[in-house]
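Geometric and topological summary
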Amino acid sequence: MEIVLMANVIRSTEKDPNRLILDMKGLVNIINTSNQDKIKSPLTITRNNAIQGTTQNLKKALQVVFELEEMMVELEVAFKLSYVIYQGDIELQVDWADDRAEGLKDARKILDSHKKADRRFDFKIKSKKTEKLLMSSMFIYQHFVDFWKPKDRQEVSLFLKGMDYKEVAKSLGKDDTSVWRRERSLNIREYHALKSMILSLA
């Protein structure tokens, strides 16, 4: 049984295609390099400007998703991703970057269904109980990360690197108290708590 991670760029046709592919390549290169202990088949960009690869297990797939989301905040990319984590018998073809390969069609079908839904994270895994819990938990996770606006990204990125509010304030040349308030209004502590809870489900 393979754990496939597949992601689509939301409303990709509205983006500048040249900028989009450059940003996607940069993102994928960073994630593949920093997650060699988690990724089984490296993330690749498919013909449809989607990303896919396989991971060692479900927990590591979730960790890669979190790193993708956090890296997109840091890089300030102008797009969001919609994901599916799929567990099943996958025939890894020679052309793994071709999402038409046999065994990936179900995952692609699930991902395509997001075009008519408001969720960005979906699952099809062996344990239906875990699948249901992850669907609900990641819907809440989506609420947190989608709440952050482009103007918040610099502060959020520093907080996600583990800096406390005093370190962030010093780095940005801002008042301690105002950054302390920002940490709370951006729900940074709640974000970390939720992330830990989601990983415990896997």
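Residues numbered from 1 in each chain as written. Predicted model: local features only at pLDDT ≥ 70, side-chain atom pairs only at ≥ 80, totals over all residues. Heavy atoms only, no water.

Here five strands make up an open sheet; going across it, the order is S2-S3-S1-S4-S5 and the pairing mixed. Both outer strands of the open sheet, strand S2 (39-45) and strand S5 (121-124), are each paired with one neighbouring strand and no more. This sheet shows a mean twist of 10 degrees between the axes of neighbouring strands, independent of strand direction. Across the face of the sheet, helix H2 (residues 58-75) comes into contact with strand S1 (2-9), S2, strand S3 (50-55), strand S4 (81-88) and S5 while running at roughly 170 degrees to S4. (Pairing = 2+ DSSP bridges. Helix = DSSP H or I, 4+ residues; strand = E, 2+ residues; numbered from the N terminus. Axes fitted to C-alpha atoms, helices over the stretch in contact; angles between N-to-C directions. Contact = heavy atoms within 4.5 Å.)

This part takes up the side chain of Glu 69. Relative to the elements of secondary structure, Glu 69 occurs in helix H2. We classify Glu 69 as buried; its relative accessible area is 5%. (Buried < 20%, exposed > 50% of the residue type's maximum accessible area, 1.4 Å probe, protein only.)

Right, let's talk about a negative patch on the surface for a bit. A surface patch of negative charge is lined by Asp 164, Glu 167, Asp 175 and Asp 176. Mapped onto the elements, Glu 167 comes out in helix H6 (residues 165-172). (Patch = residues over 30% accessible without salt bridge, like charges linked within 9 Å, V, L, I, M, F, W, Y side chains within 5 Å. Areas by Shrake-Rupley, 256 points an atom, 1.4 Å probe, with all protein chains shown as cover. Salt bridge = Lys/Arg side-chain N within 4 Å of Asp/Glu carboxyl O. Lys, Arg positive; Asp, Glu negative; His and termini not counted. Charge placed at Lys NZ, Arg CZ, Asp CG, Glu CD.)

Judged by how many residues are buried, S4 sits mostly within the fold: seven of eight residues are covered. Here S1 runs beside S4; their pairing, made up of eight bridges, is antiparallel. Each residue of the ladder has a partner; that of Val 4, found in S4, is Tyr 86. Inspection of the sheet shows S4 paired to S5 by four bridges, in the parallel sense. Across the sheet, the residue bridging to Tyr 86 is Lys 124, located in S5.

Helix length check: helix H4 (residues 128-147) (20 residues) gives 29 Å between terminal C-alpha atoms against 28 Å at 1.5 Å per residue, within 8%. Its buried side turned inward, H4 meets H2, S5 and helix H8 (188-201). (Expected span 1.5 Å × (residues − 1).)

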